[in-house]
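Observations on chain architecture
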Amino acid sequence: MAHEKPHFDVLGKIERERLSRNWTEYSLAKNSGIAQSTISTWFRKQLQPSVASIEKICTGLGITLSDFFDDGRSKYENMTDDQLELNQCWERLSPSQRKALIILIKTINE
């Protein structure tokens, strides 16, 4: 009997990413360019979003498609505690907050 690979929970991952940023469903929709009603329907009817929609969600979350499907086990292995803390903070920022932070860091480094 062949071992089946565990099913990846796309909706669960979207929800965890949204909640880790303390975003409402509206915030996710706004940052992703997807109608809130569409996102709400996915969850209400347990529908799987298309790859194109997942890519938009990833863009809105500020992560890559690869990051989205990563199980997370190796992502932080070689980080120091400071790098890990900074990365965890970064992941909770919206795309516009990330841009502002990059500008601030560049200003500090000048």
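Residues numbered from 1 in each chain as written. Predicted model: local features only at pLDDT ≥ 70, side-chain atom pairs only at ≥ 80, totals over all residues. Heavy atoms only, no water.

**Considerations on unusual backbone geometry**
In this model, N22 sits at a positive phi of 55°, which is unusual for a non-glycine residue. Turning to its location among the elements, N22 is positioned in the loop between α1 (10–20) and α2 (25–32). With phi around 55°, Q46 is a residue other than glycine that occupies positive phi space. Mapped onto the elements of the fold, Q46 is located in the loop between α3 (36–45) and α4 (51–61). Of the residues examined, Q46 reaches a relative accessible area of 55% and is grouped as exposed. (Helix = DSSP H or I, 4+ residues; strand = E, 2+ residues; numbered from the N terminus. Buried < 20%, exposed > 50% of the residue type's maximum accessible area, 1.4 Å probe, protein only.)

**Some thoughts on the packing of aromatic side chains**
What the rule picks out here adds up to three aromatic pairs. Judged by centre distance (5.0 Å) and plane angle (80°), the rings of F68 and F69 are edge-to-face. F68 sits in the buried class, given a relative accessible area of 0%. What makes F69 partly exposed here is its relative accessible area of 40%. Following the ring pairs from residue to residue traces out a cluster consisting of F8, F68 and F69. The cationic tip of R21 hangs over the ring face of W23; the distance from NZ or CZ to the ring centre is 5.8 Å. (Phe/Tyr/Trp six-rings, centres within 6.5 Å; stacked < 30°, edge-to-face > 60°. Lys NZ or Arg CZ within 6 Å of the ring centre and 35° of its normal.)

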